[in-house]
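Residues per chain are reported as follows:
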4 protein chains.
Amino acid sequence: MNKVKVGIFGATGYAGLNIFRILSNHPYVDLKYLSSHSYSGESYKKLFPSFNTDMVLKTSDPEIARDLDACFVALPAGETSKFVTKLIEYNNNIVIIDLGADFRFKDKEIYEKTYGIKHNCPEILTSSVYGLPEINREKIKKAKIIGNPGCYPTSILLGLYPIIDRFKGSIENIIADSKSGVSGAGRKLSKEFLFCEVNESVRPYGAKFHRHQPEMNDQIRLISKDAPELIFTPHLIPMQRGILSTIYVFFKEDLPEEEKLKRLYYERYKDEKFVQILENELPTTAMVRSSNLCAINICKTSNNTIKIFSAIDNLIKGASGQAVQNLNIIFGFPEELSLTNIPEVI
Amino acid sequence: MNKVKVGIFGATGYAGLNIFRILSNHPYVDLKYLSSHSYSGESYKKLFPSFNTDMVLKTSDPEIARDLDACFVALPAGETSKFVTKLIEYNNNIVIIDLGADFRFKDKEIYEKTYGIKHNCPEILTSSVYGLPEINREKIKKAKIIGNPGCYPTSILLGLYPIIDRFKGSIENIIADSKSGVSGAGRKLSKEFLFCEVNESVRPYGAKFHRHQPEMNDQIRLISKDAPELIFTPHLIPMQRGILSTIYVFFKEDLPEEEKLKRLYYERYKDEKFVQILENELPTTAMVRSSNLCAINICKTSNNTIKIFSAIDNLIKGASGQAVQNLNIIFGFPEELSLTNIPEVI
Amino acid sequence: MNKVKVGIFGATGYAGLNIFRILSNHPYVDLKYLSSHSYSGESYKKLFPSFNTDMVLKTSDPEIARDLDACFVALPAGETSKFVTKLIEYNNNIVIIDLGADFRFKDKEIYEKTYGIKHNCPEILTSSVYGLPEINREKIKKAKIIGNPGCYPTSILLGLYPIIDRFKGSIENIIADSKSGVSGAGRKLSKEFLFCEVNESVRPYGAKFHRHQPEMNDQIRLISKDAPELIFTPHLIPMQRGILSTIYVFFKEDLPEEEKLKRLYYERYKDEKFVQILENELPTTAMVRSSNLCAINICKTSNNTIKIFSAIDNLIKGASGQAVQNLNIIFGFPEELSLTNIPEVI
Amino acid sequence: MNKVKVGIFGATGYAGLNIFRILSNHPYVDLKYLSSHSYSGESYKKLFPSFNTDMVLKTSDPEIARDLDACFVALPAGETSKFVTKLIEYNNNIVIIDLGADFRFKDKEIYEKTYGIKHNCPEILTSSVYGLPEINREKIKKAKIIGNPGCYPTSILLGLYPIIDRFKGSIENIIADSKSGVSGAGRKLSKEFLFCEVNESVRPYGAKFHRHQPEMNDQIRLISKDAPELIFTPHLIPMQRGILSTIYVFFKEDLPEEEKLKRLYYERYKDEKFVQILENELPTTAMVRSSNLCAINICKTSNNTIKIFSAIDNLIKGASGQAVQNLNIIFGFPEELSLTNIPEVI
C-alpha cells in the first residue's frame, strides 16, 4: 500500500507532539514534514532529546501542501483559517485535520463572536465536518477538512448523545462540571500554569463563559433543536492529562429505570472501539490515560434526573488521538490503527 | 487566666494530629492527654519524629474526663456515642467536640439509617449542637456537646446559607459538585488511596449516595423547610488538602442582579473572621490552604440560575480548625485564637 | 509465523499489568493465560474496567506450562523458585522470564543472605542469565531462564558499564543516589505509600542496606573484579513512574577529557535501540516515561571525578519492557517489537 | 514594648510573601511597608484575594528607611547592593536582612565571579554577617546587615558542621546530592517550571556549577581551611516546598562508631530550637513542611564514610523563616517568636 504523506503544522505544542508520537507507530503514514513557529530550523531532537529522530523543524510554509496527502494543523487561533486557504490553493485535494476551532462551526457568526476574530475562509465551512467520529463517521469519510473537536466537548458530547437523542424535546437542564489536567492549556507561558500555582489546588475558571460552550450548544442542537443552553464550568486540577466531566441532566418527564437508560448507551456505542460503557465502576481519568478511549457511566438519581460521567485523555481522545482516528477514517484504514494503546491505568 | 485542660481522643488520625498542631499555639489551652487505639503506649514523637514533644499516647480511657475541661473526639464511627456517654458519667460538665457524625443530627433515625449503626445516647441529641459557628454561634456558646460538621457540608452550607435564607421557598434545584483532596479519607489503609492509584487521576464516588447528603439536607431544611433534595457528587482529586464545591442553584423565580446577590453574602458574613467573599477571583483551594478560611464567590449565569464556589481546607475549616473555633466560642476566647494562620497560598 | 504462547503469572501487580499492556500490541505473541493470587476467578476487566478484554484470572497453576512456550513470573519473593521448578517439570522447554530476584544471582549464598529465604532450585542458577540485554545479549539468546534485573540496577548498571569497563582497576569509589517514583514499591498496601504520606515529600530509605545493592555489586565485579563496594541511597519521590540515578565515580588516576569519556558511551551503545546518550541536556525521567529507553549523560567534574545521570521508566525498562525485550531476543524477534512507544514527554 | 517597624522590599515573590505570612503572627512587629516592582500601586489583597489585609504595594523607595527599624530585602540579584547603600544613607541604623546573595560573601571577588555582576557596596561586606544562626548567632546579635543563606546551603551546612568541625583536616571528599521542590526557583516565568514540565519528572541541573557551591565552599573553609571542594548536584522534583540533601562524606581516617558520631550532633545542636536530630527515622521533607525546622540524621556506612540526611522547608528555614529568626536574634526577642508552627506532616 502506498503510504499517506503527512505533515504536522505546529509540531512542538502538546497536540502536535502527541500526533508525532502516535504516527510514529502508524504503518501507513509517511511523516514528511514538521513545522514550528518558535523553533524552525532546529532539530526535533533538540527539543525532545530522547526522541530517536533526525527530523528538522521547518517554518509553516503552505506550499509544502503540494507534497502532502494530509496534514494536521495545530496553529494558534486566528492563524489557521488564513493558512488553510493557502494550503488548498497549493493542493486542492489535501486532507486537513485542524485541531483548533476554525472548522468546528457551521455558522461563522458564532465562531467570530466566540473567538473575537474574523474567519478567513467562511466558504469552506459548508464542506468541513465536525470530527467526532462516533457521531459523524459517515460525513467524516467523505470530508477533506475536519474541525477536530475541543477536549471538553469530546468528553461531554459523547456522554450526552445517546440520552439526548432518545429524549429530545424533554430535556429541562444540562449542567456539565468538568475537571481537567493542565495540559489542556497547552504550553502557554503564564503564571497560572506554573507548578507552584497549580499543585495542591483546584481552580474553577470561565464561570460565565468558556469558548467550548457555543461549540457544545451547537452540536447539542443538531440533535435536539430545543435543547436548553448548557451550563458549563471547567476546573483546573493538579494533574497533567485527563478530563472527567460530571454531567447532570434534568428531564421534563419521568425516565425509565436506570438499566434501560444504560442499555441505550450500550446500544449506541456497541460497535465503537473507543467508547467504553462501564458496568459498575465510575470512570476515572486513570482508566483512559494515554489511550484514545472515552469511558462512560450513567446513574439515575431520581425519577427525572441522571448523572453522566465521562472520562478521556484530553491529549489523546480530546485532541491528537481523535485527529489520527479521523485520518484513519478518511483514508479507509482500520479506525484503531496506531491507537491501540491500552490505558496506562498505573 | 486558668488554662482549659484539654484531651484529644484519637490523636494520630489526620484530624487529631491537626488539632494537636493548632492547640500547640493556643495560649489558654493546656493539652493534657492524647489517646490512640493503635499506638497507645508509644511516644507521640515516635510517630511524628520531628515534633518537639514528650507526650505519650494513652488508651482512650473515659475516666480521664475527670481531669479535663474539654475534649476532642476523633474516634471511628460507631465507637463515639458509647464513649461519649461514659465521658459524661465521669464528668457531667465536660465540653465534648466530636469530629464524627454522632452528634450532627437531631433525629437519631436519620443518623442510624445513614450510618447503619445504632446510636447509643440518643437522649443527648436534644442538647447537642451542630457546630457550624457562622450559622449556630449563639447555640454553640451554650452547648456542652458539639457535632463538628463534615468537610463537604462545611464548604457547601456556608456557600448556600445566604441565598437559601433569602430566597427560601423559591429553590427549584441544588447541585453540589465537590472536589476533595485525599486527606478527607483520613489515614485509611485502602488500595484506592495509594499514591499510584490517586495521582494523575480524578475519581468520582458515591454517585448515588454519600453520608454527608442527609447531613446537608437536614441543615438546609432548617432554613427552608421545602427545599429540594440536594444532588451531590464528591470527587477525589490528586492533592492532599482542600475542598472546592461548585454549587448550581436553580430558582423558581427571576433573581435580582448579581451585584445584589453578592451583597447578600457580604452582609451575611461581614463580621465573620473566617469567611472571605471574593470580589473578582473565583476561589481556589490554594487560597485557603492551611487556614481556617472559607473563600466564596457567586456568579449569576441566567435569570434564575447561579453558581456558587466555596473553598476550604478540609483538614482545618473542614475539621480541626472548626473544632478549635467551637472550643474558643464555648470558652469565651477570641474566636480566632490559634487560628490566625495566613493561608499558605504557595 | 507461529505465535508464541505466553502466560503471565501475577498479572495484577504493576509489572504484570504492564506486560499485559505491552504484549497486547505484540504481533507474534498469543497471550493465553493470566494468573493472580488475590483475584483468581475474576475477569481481568473487573479489575481494569476500561480494558477491552475477556480474559479471566486463573490461579497460578504450574501445569499450564504444558500449553505455553514462554511465561513471565511476577510472584512475591520466595514463591518464585519453588514455582519455577514445577514449571520446568511440566515443560522442560519453557522460557521463563522472572521479574523477581530469584535468578539474578549466580551465587545462591548472596541471594539467601540478601533476601533471607532459602533458594529452592539453586541448580538452575548455573544456566539462568541476568537479563540486561545491552550487556548480556549473547547469553540471553541462548537462555531458557532469565532473571530480569531490578529497576535500580538497570538504571545504574547501564550508566556505569562503559566507564568501568574502560577504567577497570582504577575505580576508587562509586556512589549511586537514586530517585524513584512510587510504583517501584508495587501495589503494596502500606501506610508509607498512601497518597498523603508520599505527596509533597522526598523520603530516603535503605540508607544502610537495600536489596539491590548486592545485585549491583555482583554485576559490577563481573566487569571489574576489584571494584569498590557501591554506596547506594534510594529515595522515594512524589511521582508514579521513573527512576533517575545520579552516580558519582572517583578514579585513582586522571581521566581523559570529557569529550573522550562521552565517546566511550556513544561507542558502547551505538547499536542499542533503547539507550540514548544525550548530547547537551541532562536526562529527566519525563524524557523516558512510558518507553523502554534509558537516557544517559555524563559530566566530568574534576581530573578524576565524573557524574553520570541515568533515567529510565522503572515499570518499563526497569521491569516489564525489559522483560519483553528479553522475550524478543530469545525468540529471535526484532528486539524492539511492541516496545516502540515514543516517550510520553508530556 | 515598642514594636519594631518593618518593611518588606519585594513582597510578592515567594520569599516576601512568606515573610508577610510569618510576621502577621509576630507580636512585636509592626509591618509598615510592602514594596513590589511589578505590582506597585495595587492592593496586596488583589494579588492574594484571600488575605485579610488592606496594605497597598509601594515602589521600592529607599527613603522609606527613615520610618523603619528593620527591613527584609527580596529583590532580584544585582539590584540589592545598590539599593542597600541607599537604605543606609537614609537610615544608618536600619537592620537589613537580605534574602539574596549580595551579603553572603566576605570576598567580593567570589561574589562577582559567581554572580557575574559588580558588587556596589563591597565596603559593607566586612561588617555584614552570614545569617545562619545555629553557627553565627553571636555575630548576628551584633549585626546590622545579614546575608540570609541560600536554601541549599542551609540544609547542607547544618548537616555538615558538627562532623567537619570535629574531624577537620581529615575530610577526603564531600558530595551533596540535593532534591528540591519547585518553589526554590521563585515565581520565575520559565517553561521549565510549568506544571506539565515538572510533574511526574525528576530533573538534575547545574551538574557543572551552581551558584550555591561557592557559598558553601566559603562557609566550609571557615571551619576547615583545607576541606576539599564540595561536589554538588541539585535536582528539581515535583513538589512545591522542601529540600532534602543527601550528603556523602569520605574521611582520611577511620571514624568512631556511629553512636559517637551521632552524639556529636546531639551535643552541637542540643540548645537549638530549630534543629531536630532524629533518632531512628531518616528525615523527609514532610517532617519539616511549613516549619522553621531542619531535621537531620546521620548514618555510618563504612569505617571512613558517612551519609548525612538533612531536610528543610526551603521557603521557611531556607529563606523567610530563617530571615525572621535573624530579626528575632538581632532585636533580642525569643528566637522562635512567630516561628512555632508545628510541621504540617500531612
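- In the annotation of an unreviewed UniProt entry, the entry for chain A reads N-acetyl-gamma-glutamyl-phosphate reductase, and the organism field reads Thermodesulfobium narugense DSM 14796.
- For the record of chain A, the UniProt heading Function (unreviewed entry) holds the text "Catalyzes the NADPH-dependent reduction of N-acetyl-5-glutamyl phosphate to yield N-acetyl-L-glutamate 5-semialdehyde."
- According to UniProt, the comment filed for chain A under the heading Sequence similarities (unreviewed entry) is "Belongs to the NAGSA dehydrogenase family. Type 1 subfamily."

## A closer look at the overall build of chain A
Then, number 1: The secondary structure content of chain A amounts to ten helices and 13 strands.
Then, number 2: Taking 20 Å as the expected radius of gyration for a compact globule of 346 residues, we find that chain A reaches 20 Å, a close match to that expectation.
Then, number 3: Based on the C-alpha atoms only, the size of chain A along its principal axes is roughly 60 × 45 × 40 Å.
Then, number 4: A burial count over chain A gives 66% of its 346 residues as buried.
Then, number 5: Of the contacts formed within chain A by residues at least 6 apart in sequence, a portion of 71% connects residues at least 24 apart.
Then, number 6: Here chain A displays about 12,100 Å² of accessible surface, and carbon together with sulfur accounts for 46% of that area.
Then, number 7: Here chain A holds 43 positive side-chain charges and 41 negative ones, and the gap between their average locations is 2 Å.

## Things to note about the relation of the copies chain B and chain C
Then, number 1: Mapping chain B onto chain C calls for a rotation angle of 180 degrees and an axial translation of 0.0 Å; the resulting RMSD is 0.0 Å. Those values place the two copies in the arrangement expected of a two-fold rotation axis.
Then, number 2: Here 100% of the interface residues in chain B have copies in chain C that are interface residues too; the copies meet face to matching face.

## What to know about the sheet that holds strand S7 (residues 171-180) of chain D
Residue and element names in this part refer to chain D.
Then, number 1: The strand order across the open sheet built from seven strands is S8-S9-S7-S10-S13-S12-S11, with neighbouring strands paired in mixed fashion. Edge positions in the sheet fall to strand S8 (203-204) and strand S11 (275-277), since each has one partner strand and no second.
Then, number 2: Bridging between S11 and strand S12 (residues 294-302) involves three bridges; their strand directions are parallel. When the bridges of S12 are listed, valine 275 appears paired with cysteine 294.
Then, number 3: Running over the sheet, helix H8 (residues 212-223) touches S7 and strand S9 (230-236) and is turned about 140 degrees from S9.

## Considerations on the interface of chain B and chain C
Then, number 1: Every contact between the two is made by 20 residues of chain B and, on the other side, 20 residues of chain C.
Then, number 2: Taking both partners together, chain B and chain C bury about 1,900 Å²; carbon and sulfur atoms supply 62% of that area.
Then, number 3: The tally of links from chain B across to chain C stands at two salt bridges.
Then, number 4: C:Arg187 is the salt-bridge partner of B:Glu197, the closest N and O atoms lying 3.2 Å from each other.
Then, number 5: Here chain B is connected to chain C by twelve residue pairs in polar contact (both at pLDDT 80 or more).
Then, number 6: Take the side of chain B that touches chain C: its biggest share by element is four residues, from helix H7 (residues 195-198) of chain B.
Then, number 7: The residue inventory of the side of chain B that touches chain C, partitioned by class, reads eleven nonpolar, four polar and five charged.

## A closer look at the packing of aromatic side chains
Residue and element names in this part refer to chain A.
Then, number 1: Taken as a whole and judged by the stated rule, the model has 57 aromatic pairs over all chains.
Then, number 2: Plain terms: the ring middles of phenylalanine 20 and phenylalanine 51 are 5.6 Å apart, the flat faces sit at 5 degrees to each other, and that makes the pair stacked. With phenylalanine 20 in helix H1 (residues 14-23) and phenylalanine 51 in the loop between helix H2 (44-47) and strand S3 (70-73), this pair connects stretches of sequence that are 31 residues apart.
Then, number 3: In this structure, arginine 166 is placed above the aromatic ring of phenylalanine 167, and the distance from its NZ or CZ to the ring centre is 4.3 Å.

## Focus on the pattern of salt bridges
Then, number 1: Throughout the structure, instances matching the rule amount to 72 salt bridges over all chains.
Then, number 2: Two residues, C:Arg137 and C:Glu272, come together in a salt bridge whose shortest N-O distance is 2.6 Å. Of this pair, C:Arg137 sits in helix H5 (residues 133-141) while C:Glu272 sits in the loop between helix H9 (258-269) and strand S11 (275-277), and the two are 135 residues apart along the sequence.
Then, number 3: Overlapping salt bridges, with partners in common, bring together A:Asp177, A:Lys179, B:Asp177 and B:Lys179 in one network.

## Some remarks on helix H5 (residues 133-141) of chain B
Then, number 1: Among the residues of H5(B), those classed as buried are B:Pro133, B:Glu134, B:Asn136, B:Arg137 and B:Ile140.
Then, number 2: Check the buried side of H5(B) and you find it contacts strand S5 (129-130), strand S6 (145-147), helix H6 (151-166), helix H9 (258-269), strand S11 (275-277) and helix H10 (316-330) of chain B.

## Some words on the packing of H5(C) against helix H10 (residues 316-330) of chain C
Residues and elements named next belong to chain C.
Then, number 1: Where H5 meets H10, the closest approach of the two axes is 10 Å, and the angle between their N-to-C directions is 35 degrees. Like other packed secondary-structure pairs, H5 and H10 cross with a definite hand, here right-handed. Together, Pro133, Glu134, Arg137, Ile140 and Lys141 of H5 and Lys317, Gln322, Gln325, Asn326, Ile329 and Ile330 of H10 make up the contact between the two elements.
Then, number 2: Taken together, the residues that form the contact of H5 with H10 break down as four nonpolar, three polar and four charged.

## A closer look at the relation of the copies chain B and chain A
Then, number 1: When chain B is fitted to chain A, the best match, at an RMSD of 0.0 Å, comes from turning it 180 degrees and sliding it 0.0 Å along the axis.
Then, number 2: Looking at chain B, 100% of its interface residues are interface residues in chain A too, so the copies touch through the same face.

## Examining the UniProt feature "active site" (unreviewed entry) in chain A
Then, number 1: According to UniProt, the feature "active site" (unreviewed entry) maps to A:Cys151 in the numbering used here.
Then, number 2: Other than its neighbours up to four places away in sequence, A:Cys151 contacts A:His212, A:Ile243, A:Ile312, A:Asn314 and A:Gly318.

## Details of the domain arrangement of chain A
Residues and elements named next belong to chain A.
Then, number 1: Under the domain assignment, chain A is made up of domain 1 (4-148 + 317-330) and domain 2 (152-314).
Then, number 2: Between the C-alpha centres of domain 1 and domain 2 the distance comes to 25 Å.
Then, number 3: Across the interface of domain 1 and domain 2, roughly 2,200 Å² is buried in total on both sides, 53% from carbon and sulfur atoms.
Then, number 4: Where domain 1 touches domain 2, the interface holds two salt bridges.
Then, number 5: Salt-bridge contacts for arginine 104 lead to glutamate 215; the nearest nitrogen and oxygen are separated by 3.0 Å.
Then, number 6: In this assembly, domain 1 and domain 2 are joined by 13 residue pairs in polar contact (both at pLDDT 80 or more).
Then, number 7: Counting residues per element, the side of domain 1 that touches domain 2 draws most heavily on helix H10 (residues 316-330), which supplies six residues.

## Quick look at the pairing of strand S9 (residues 230-236) of chain C
All names here are of chain C.
Then, number 1: Counting buried residues along S9, seven of its seven residues qualify, which places the element largely inside the surrounding structure.
Then, number 2: With burial as the criterion, each face of S9 is covered, one bearing Leu230, Phe232, Pro234 and Leu236 and the other bearing Ile231, Thr233 and His235.
Then, number 3: Of the strand pairs in this sheet, strand S7 (residues 171-180) and S9 are connected by seven bridges, and their pairing is parallel. Across the sheet, residue alanine 176 finds its bridge partner in S9, namely phenylalanine 232.
Then, number 4: Two strands pair when backbone bridges link them, and strand S8 (residues 203-204) and S9 are joined in this way by two bridges, in the antiparallel orientation. By the bridge assignment for S9, arginine 203 is matched with leucine 236.

## A short note on the sheet that holds S6(B)
Within a sheet, adjacent strands bond to each other through the backbone by hydrogen bonds, running parallel or antiparallel.
Residue and element names in this part refer to chain B.
Then, number 1: Taken together, the six strands give an open sheet; going across it, the order is S2-S1-S3-S4-S6-S5, and neighbouring strands pair in parallel fashion. What marks the edges here is a single partner per strand, and that holds for strand S2 (29-35) and S5.
Then, number 2: Relative to S6, strand S4 (residues 95-98) runs parallel, the two being bridged by three bridges. Looking at S6, one finds that isoleucine 97 is bridged to isoleucine 146.

## Some thoughts on the interface of chain B and chain A
Then, number 1: Counting residues at the interface gives 43 residues for chain B and 43 residues for chain A.
Then, number 2: For the pairing of chain B and chain A, the buried interface totals around 3,500 Å² over both sides, and the portion due to carbon and sulfur atoms is 62%.
Then, number 3: Counting across the chain B and chain A interface gives four salt bridges.
Then, number 4: The partner of B:Lys179 in a salt bridge is A:Asp177, with the nearest N and O atoms 2.9 Å apart.
Then, number 5: Counting every contact that joins chain B to chain A gives 28 residue pairs in polar contact (both at pLDDT 80 or more).

## Thoughts on the packing of helix H1 (residues 14-23) of chain D against helix H10 (residues 316-330) of chain D
Residue and element names in this part refer to chain D.
Then, number 1: Closest axis-to-axis distance for the H1/H10 pair is 9 Å, and the angle between their directions is 45 degrees. With respect to each other, H1 and H10 are oriented oblique. Seen from above, H1 lies across H10 with right-handed handedness. Touching Tyr14, Ala15, Asn18, Ile19, Ile22 and Leu23 of H1 are Ile316, Ser320, Gly321, Ala323 and Val324, all from H10.
Then, number 2: A class-by-class count of the residues in the contact of H1 with H10 yields eight nonpolar, three polar and no charged.

Criteria and thresholds
- Residues numbered from 1 in each chain as written.
- Chains lettered and ligands numbered in written order.
- Predicted model: local features only at pLDDT ≥ 70, side-chain atom pairs only at ≥ 80, totals over all residues.
- Heavy atoms only, no water.
- UniProt positions renumbered as here; feature names shortened; annotations may be inferred.
- Helix = DSSP H or I, 4+ residues; strand = E, 2+ residues; numbered from the N terminus.
- Rg over C-alpha atoms; globule rule 2.2 N^0.38 Å.
- Buried < 20%, exposed > 50% of the residue type's maximum accessible area, 1.4 Å probe, protein only.
- Contact = heavy atoms within 4.5 Å.
- Areas by Shrake-Rupley, 256 points an atom, 1.4 Å probe, with all protein chains shown as cover.
- Lys, Arg positive; Asp, Glu negative; His and termini not counted.
- Charge placed at Lys NZ, Arg CZ, Asp CG, Glu CD.
- Least-squares fit on C-alpha atoms with pLDDT ≥ 70 in both.
- Pairing = 2+ DSSP bridges.
- Axes fitted to C-alpha atoms, helices over the stretch in contact; angles between N-to-C directions.
- Buried area = accessible area lost by both parts, 1.4 Å probe.
- Salt bridge = Lys/Arg side-chain N within 4 Å of Asp/Glu carboxyl O.
- Polar contact = N/O pair within 3.5 Å; in protein donor to acceptor, adjacent residues only side chain to side chain.
- Nonpolar A, V, L, I, M, F, W, Y, C, P; charged D, E, K, R; others polar.
- Phe/Tyr/Trp six-rings, centres within 6.5 Å; stacked < 30°, edge-to-face > 60°.
- Lys NZ or Arg CZ within 6 Å of the ring centre and 35° of its normal.
- Left-handed = near helix turned anticlockwise from the far one by under 90°.
- Domains from an automatic or database assignment.
- Parallel < 35°, antiparallel > 145°, perpendicular 65-115°, else oblique.

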